[in-house]
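Spelled out from the first residue to the last, the chains are:
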Amino acid sequence: MEQYIFKYLPVGLVGIALIFQFNLFVTPEKLEVKHREILNDVSKTYTTKEQYNDLKNQLNAMQIKIDKIYDVIIGGGKK
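Let us look at the structure shown here.

Helices and strands together make up the secondary structure of the chain, namely three helices and zero strands. Starting at the N terminus, the α and β elements of the chain follow one another as α-α-α. Taken over the C-alpha trace, the chain has a radius of gyration of 32 Å; the compact-globule value for 79 residues is 12 Å, which it surpasses by more than 25%. Expressed as lengths along the three principal axes of its C-alpha atoms, the size of the chain is roughly 105 × 20 × 15 Å. Across the 79 residues that make up the chain, the buried fraction comes to 0%. Per element, the accessible surface of the chain, about 8100 Å² overall, is 65% carbon and sulfur. Each charge class in the chain was averaged separately, 11 positive and 9 negative side chains, and the resulting centres sit 10 Å apart.

Quick look at the structure:
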């Protein structure tokens, strides 16, 4: 029995060393840090739906005003 333990012990040690070297298992602390980084990157890159809708409403209001100005210019100010 001891013969098998000594025979396969180096393989087991190499396997454990590779697990630690390549970080195959993630600790909850590292996972939380990565989660925060992802949330920060997403908040810097993308907008919320509310912000998008507000911008869309502002652009629609500007388009209506531009259309009124265009109508006045093309119509010659006649109404």
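On to the environment of Asn60. Relative to the elements of secondary structure, Asn60 occurs in helix α3 (residues 49-75). The sequence separation of Asn60 and Thr27 amounts to 33 residues, and the corresponding C-alpha distance is 49 Å.

Taken as a whole, this structure holds two salt bridges when the rule is applied. Residue Arg36 pairs with Glu32 through a salt bridge whose shortest N-O separation is 3.0 Å. Here the residue Arg36 and the residue Glu32 both occupy positions in helix α2 (residues 28-45), the gap between them amounting to four residues, near one helical turn. The exposure class assigned to Glu32 is partly exposed, which follows from its relative accessible area of 38%. Residue Glu37 is joined to Lys34 by a salt bridge in which the shortest nitrogen-to-oxygen separation is 3.7 Å. Taken together, the positions of Glu37 and Lys34, both in helix α2 and three residues apart, correspond to about one turn of that helix. Classification of Glu37 by relative accessible area gives partly exposed; the value is 39%. On the basis of relative accessible area, Lys34 is assigned to the partly exposed category, the value being 47%.

Parameters at a glance
Residues numbered from 1 in each chain as written. Predicted model: local features only at pLDDT ≥ 70, side-chain atom pairs only at ≥ 80, totals over all residues. Heavy atoms only, no water. Helix = DSSP H or I, 4+ residues; strand = E, 2+ residues; numbered from the N terminus. Rg over C-alpha atoms; globule rule 2.2 N^0.38 Å. Buried < 20%, exposed > 50% of the residue type's maximum accessible area, 1.4 Å probe, protein only. Areas by Shrake-Rupley, 256 points an atom, 1.4 Å probe, with all protein chains shown as cover. Lys, Arg positive; Asp, Glu negative; His and termini not counted. Charge placed at Lys NZ, Arg CZ, Asp CG, Glu CD. Salt bridge = Lys/Arg side-chain N within 4 Å of Asp/Glu carboxyl O.

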